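What follows is each chain in one-letter form.
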Amino acid sequence: MTTVSYSVPAMHCDHCTHTIETELSELQGVQSVKADLETKKVQIAFETPASEEKIKALLAEIEYPVGGLITL
Ligand SMILES: [Cu+2]
């Protein structure tokens, strides 16, 4: 299991966090998603077949592109 934390600057309300958590949760291999509005960070725990590439692609697709990677 891998845990990553991404900065998602486009996150600006509870609707955003809900959308991000719902969409990412549906990606196969994603174990948990926590979107934090205050810090505009999304923490994701995943294993294969999910990957950082797939997660970033999905976030870009739903118009919440990753603004940076915070190493944990
Ligand atoms: Cu919003």
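This text goes with the structure placed above it.
This text gives an overview of the structure that appears in the document. (Residues numbered from 1 in each chain as written. Predicted model: local features only at pLDDT ≥ 70, side-chain atom pairs only at ≥ 80, totals over all residues. Heavy atoms only, no water.)

Here's the deal with the coordination of the copper ion
Coordination sphere of the copper ion, protein contribution only: Cys-13 (SG) and Cys-16 (SG), at 2.1 Å. Residue classification places Cys-13 among the partly exposed positions, given a relative accessible area of 27%. Classification of Cys-16 as buried rests on a relative accessible area of 1%. (Donors = N, O, S within 2.8 Å, 3.2 Å for Na, K, Ca; no water. Buried < 20%, exposed > 50% of the residue type's maximum accessible area, 1.4 Å probe, protein only.)

What about helix α1 (residues 14-25)?
Note on helix geometry: an α-helix contains 3.6 residues per turn, so any two residues three or four positions apart are oriented the same way. Look at α1: 16 Å from first C-alpha to last across twelve residues, which is about the 16 Å you get at 1.5 Å a residue. Taken together, the buried positions of α1 are Cys-16, Thr-17, Thr-19, Ile-20 and Leu-24. Looking straight down α1, one finds its buried side chains confined to an arc of 160°; they lie on one side. Turned more than 90 degrees from where α1 packs its buried face, Asp-14, His-15 and His-18 sit exposed. Taken together, the buried residues of α1 touch β2 (30-36), β3 (41-46) and α2 (52-61). (Helix = DSSP H or I, 4+ residues; strand = E, 2+ residues; numbered from the N terminus. Expected span 1.5 Å × (residues − 1). Arc of directions from axis to C-beta. Contact = heavy atoms within 4.5 Å.)

As for α2
Along α2, the positions that sit buried rather than exposed are Ile-55, Leu-58 and Leu-59. Projected down its long axis, α2 carries its buried residues within an arc of 100°, all on one side. Exposed and facing more than 90 degrees away from the buried side of α2 are Glu-53 and Glu-61. Positive phi appears at Glu-63, one or two residues downstream of α2, with a value of about 70°.

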